[in-house]
Amino acid sequence: MAKILPFKAVRPTRDKVSLIAARSYDSYSIAQREARLRDNPFSFLHIVNPGYKYDKEISGKERYALVRNRYQEFKEDEFFIKDEAPSYYIYRIVNRDGRVFNGIVAAASTQDYEDNLIKKHEETLQYKEKIFVEYLQTVGFNAEPVLLTYPDNPTLAGIIKQVMTDRADYEFTTTYRDTHYLWPVSNTEIVAQIQAAFNKIDALYIADGHHRSSSSYLLAKKSKENNTNHTGKEPYNYFMSLLIPESDLNIFEFNRLVKDLNGLTKEEFLIQLDAMFRIENRGLEYYKPQKKHQYSMYLDGNFYSLQLRKGNYKINNALDGLDTQILFKTILEPILGISDVRNDKRIDYADGKNDLAYVQTVVDRGDFAVGFGLLPVKIDEMKKIADENLKMPPKSTYIEPKLRSGVTIYEF
């Protein structure tokens, strides 16, 4: 059973939460960031982009120290408060399309991560892990939860429904027209019920936040080694998570973009593809894959459909049958020469919400030579790969809900 604990969150005051809450830093364009930093002095972006104060781009350890300073200033100015009692936090998001996500913000255990009670399905990028560990070690807090999922659970669903009959402590709508609600739960009886329900769940699965969870684990390991009085109860042994039932997940694909054809002409590339795929030129027809083991490809102004020749490819486990893995084993590595998808700068990724129009645009612009479109991974595929202790290639899933930074903060 995974250990899921309440904690004392640092949170924005009710009147400031809509101003403070921000999307992840990288999700903004440069113009969007500039506008928010200029027009909203309360945005969490002022904390994570502290160089704005000095009209200077600052990176590395110098930036991390300034992030910590800006965070402390927000606390000193009482834009943030800290809850007095350990709490769970019921979180509800209703997005612009009417999709509803209900979950519980809590502290998850790095030991459970190590013991595989919190299961992983995706590889992480080493350089990102290193950056995040240094960042966390300096700033001392998590501001964006890792998204964990669990099998639909009637007991937890009933508790969440009961709590939501009261007025939410937070209710705010973003410029994306997503509405966010938050209910802190410190009542000892309800806290015990939530904890007991999670105690009966055998395993949790990381849906989104593999880098954040792996970095939290690496930080805990490092902190343990440096602490001669380590007990296992220190805050660094946990990381903030939003736990939601599997049926609430909304999974999109990550499409692949490659900068060049590895020295091949278009014709040579297509001939090599023919060994493993049935290829059909769709011309200017906007084409998306229709079923597993089928891909769309955009190359030199044309869309193509690629259908795997089953007799030439053996599936021995759950990972072998994953479309992103098949693409890697049949095209990216043997033909395009990309053997390290974690670090190779010749490959990039575009989430499925941008769809294939974005792939077409950047290829036509000359930023990339070829783009590949995939189907989204199913939750059962994701779980089976995690259960077999296998790992998907990086950027195999783009999962909603996407959470706002600064709504709840876990200090360690």
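Residues numbered from 1 in each chain as written. Predicted model: local features only at pLDDT ≥ 70, side-chain atom pairs only at ≥ 80, totals over all residues. Heavy atoms only, no water.

Undergrad: It is not clear to me how empty space enclosed by the protein should be interpreted in this structure. Could you clarify?
TA: It is the rolling of a water-molecule-sized probe over the atoms that shows where space remains empty. Scanning the model with the defined rule gives 3 cavities of 30 Å³ or more in all. Empty space within the largest cavity amounts to approximately 40 Å³. Around the largest cavity, the lining residues are Glu144, Pro145, Val146, Leu147, Asp208, Arg212, Pro401, Lys402 and Leu403. By residue class, the composition of the lining of the largest cavity is 5 nonpolar, no polar and 4 charged. (1 Å grid on protein atoms, 1.4 Å probe; cavity = no way out; pocket = protein on both sides within 12 Å on 5 of 7 lines; lining within 4 Å. Points joined across faces, edges and corners; volume = space filled by probe spheres on them. Nonpolar A, V, L, I, M, F, W, Y, C, P; charged D, E, K, R; others polar.)

Undergrad: Honestly, helix α11 (residues 323-332) in this entry has me stumped. Any pointers?
TA: One turn of an α-helix holds 3.6 residues; hence residues three or four places apart share an orientation. Burial within α11 is extensive, with 9 of its 10 residues counted as buried. Among the residues of α11, those classed as buried are Asp323, Thr324, Gln325, Ile326, Leu327, Phe328, Thr330, Ile331 and Leu332. (Buried < 20%, exposed > 50% of the residue type's maximum accessible area, 1.4 Å probe, protein only. Helix = DSSP H or I, 4+ residues; strand = E, 2+ residues; numbered from the N terminus.)

Undergrad: Sorry, what's going on with the side chain of Asn49 here?
TA: With respect to the element layout, Asn49 can be found in the loop between α3 (45-48) and α4 (60-76). Residue classification places Asn49 among the buried positions, given a relative accessible area of 11%. Residues in contact with Asn49, not counting those within four places in the same chain, are Tyr25 and Leu37. (Contact = heavy atoms within 4.5 Å.)

Undergrad: Looking at this structure, how should I read the nonpolar core?
TA: Within soluble globular proteins, side chains that are nonpolar tend to cluster in buried spots. In terms of nonpolar packing, the biggest core is built from 32 residues, with Phe7, Tyr91 and Leu249 touching the most fellow members. Broken down by secondary-structure element, the contributors of at least two residues to this core are β4 (88-94), β5 (100-109), β9 (170-173), β12 (238-245) and α13 (379-387). Broken down by element, the residue count for this core peaks at 4 residues, all from β12. Not counting the four nearest positions on each side in its chain, Leu249 is found in contact with Arg99, Leu147, Thr149, Ala207, Ile244, Ile379, Met382, Ile399 and Glu400. (Core = buried A, V, L, I, M, F, W, Y, C linked by side-chain atoms within 4.5 Å.)

Undergrad: How should the sheet that holds strand β19 (residues 370-373) be read in this particular structure?
TA: By way of backbone hydrogen bonds, the strands of a sheet pair with one another, either parallel or antiparallel. The strand order across the open sheet built from 6 strands is β15-β17-β16-β19-β14-β18, with neighbouring strands paired in antiparallel fashion. Unpaired on one side and paired on the other, β15 (277-283) and β18 (347-351) mark the two borders of the sheet. Strand-to-strand twist in this sheet, taken as the mean axis angle between neighbours without regard to direction, amounts to 25 degrees. Direction of pairing for β15 relative to strand β17 (residues 302-308): antiparallel, over a ladder of 6 bridges. By the bridge assignment for β17, Asn281 is matched with Tyr304. Packing of helix α10 (residues 266-273) onto the sheet brings it into contact with β15, β16 (294-299), β17 and β19, and relative to β16 it is tilted by some 175 degrees. Strand contacts of α11: β14 (254-258), β15, β16, β17, β18 and β19, with the helix running at about 15 degrees to β14, the strand carrying the most contacts. (Pairing = 2+ DSSP bridges. Axes fitted to C-alpha atoms, helices over the stretch in contact; angles between N-to-C directions.)

Undergrad: What am I meant to see in the packing of aromatic side chains here?
TA: For any pair of aromatic rings, the description rests on two quantities: the centre-to-centre distance and the angle between the ring planes. Across all of its chains, the model carries 17 aromatic pairs by this definition. Plain terms: the ring middles of Phe74 and Phe79 are 5.2 Å apart, the flat faces sit at 90 degrees to each other, and that makes the pair edge-to-face. Relative to Phe198, the ring of Tyr150 has its centre 5.6 Å away and its plane inclined at 90 degrees; by these criteria the two rings are edge-to-face. Of this pair, Tyr150 sits in strand β8 (residues 146-150) while Phe198 sits in helix α8 (residues 188-199), and the two are 48 residues apart along the sequence. With respect to burial, Tyr150 and Phe198 carry one shared label: buried. Here a set of aromatic residues connected by ring pairs shows up, and it is made of Phe42, Tyr71, Phe74, Phe79, Phe80 and Phe141. Geometry around Tyr398 places Lys402 over its ring, the cationic atom sitting 4.3 Å from the centre. (Phe/Tyr/Trp six-rings, centres within 6.5 Å; stacked < 30°, edge-to-face > 60°. Lys NZ or Arg CZ within 6 Å of the ring centre and 35° of its normal.)

Undergrad: What is the right way to read the pairing of strand β11 (residues 204-208) from this model?
TA: Consecutive residues of a regular strand have side chains that alternate between opposite faces of the sheet. For β11, a buried count of 5 out of 5 residues is recorded, marking the element as mostly surrounded by other parts of the structure. Bridge count between strand β6 (residues 118-119) and β11: 2 bridges; the pairing is parallel. Looking across to β11, one finds that Lys119 is bridged to Tyr205. When β8 meets β11, the two strands line up antiparallel, connected through 3 bridges. Among the inter-strand pairings, Leu148 is bridged to a residue of β11, identified as Ile206.

Undergrad: Sorry if this is basic, but what is going on with helix α6 (residues 126-139) here?
TA: With 14 residues, α6 ought to run about 20 Å at 1.5 Å a step, and its terminal C-alpha atoms sit 20 Å apart, in line with that. When α6 is considered as a whole, its buried residues turn out to be Glu129, Val133, Tyr135, Leu136 and Val139. On the buried face of α6, the contacting elements are α3, α4, β7 (141-142) and α9 (210-226). The positive-phi residue at the C-terminal boundary of α6 is Gly140, with phi of around 80 degrees. (Expected span 1.5 Å × (residues − 1).)

Undergrad: So what exactly am I meant to see when it comes to the packing of helix α7 (residues 154-163) against α8 here?
TA: Between two packed helices, what matters for the description is the angle formed by their axes and the separation of those axes. Packing of α7 against α8 brings their axes to within 9 Å, and their N-to-C directions diverge by 155 degrees. The angle between the axes of α7 and α8 places the two elements in the roughly antiparallel class. For the pair α7 and α8, the sense of crossing is left-handed. Contacts between α7 and α8 involve Thr155, Leu156, Ile159, Gln162 and Val163 from the former and Ile190, Gln193, Ile194, Ala197 and Phe198 from the latter. Here the residues of the contact of α7 with α8 are counted per class, giving 7 nonpolar, 3 polar and no charged. (Parallel < 35°, antiparallel > 145°, perpendicular 65-115°, else oblique. Left-handed = near helix turned anticlockwise from the far one by under 90°.)

Undergrad: In this structure, what is going on with the environment of Met297? I would like to understand it.
TA: Along the polypeptide, Met297 turns up in strand β16. Overall, Met297 belongs to the buried group, its relative accessible area being 1%. In this structure the C-alpha to C-alpha distance between Met297 and Arg256, which are 41 residues apart in sequence, comes to 9.4 Å. Not counting residues up to four positions away in its chain, the partners in contact with Met297 are Phe269, Leu270, Leu273, Asn302, Phe303, Tyr304, Leu306, Val370, Gly371 and Phe372.

Undergrad: Please explain unusual backbone geometry as it appears in this structure.
TA: Among all residues save glycine, negative phi is the norm, and among peptide bonds the norm is trans. With omega at 15 degrees, the peptide bond leading from Glu400 into Pro401 counts as cis. Even without being a glycine, Asp300 presents a positive backbone phi close to 55 degrees.

Undergrad: When you look at the pattern of salt bridges in this model, what are you seeing that I'm missing?
TA: Where charged atoms from two side chains of opposite charge come close, those side chains can pair. Scanning the entire structure with this criterion turns up 22 salt bridges. Lys75 serves as the salt-bridge partner of Glu411, at 2.8 Å between the closest nitrogen and oxygen. Placement of Glu411 in strand β21 (residues 410-411) and of Lys75 in helix α4 is noted, with a sequence separation of 336 residues between them. Take Lys75: its relative accessible area is 28%, and that puts it in the partly exposed class. Between Asp208 and Lys402 there is a salt bridge whose closest N-O contact spans 2.8 Å. Here the residue Asp208 occupies a position in strand β11, and Lys402 occupies one in the loop between β20 (398-400) and β21, the gap between them amounting to 194 residues. Shared partners join several salt bridges into a network, and the residues in it are Arg11, Arg14, Asp83 and Asp169. (Salt bridge = Lys/Arg side-chain N within 4 Å of Asp/Glu carboxyl O.)

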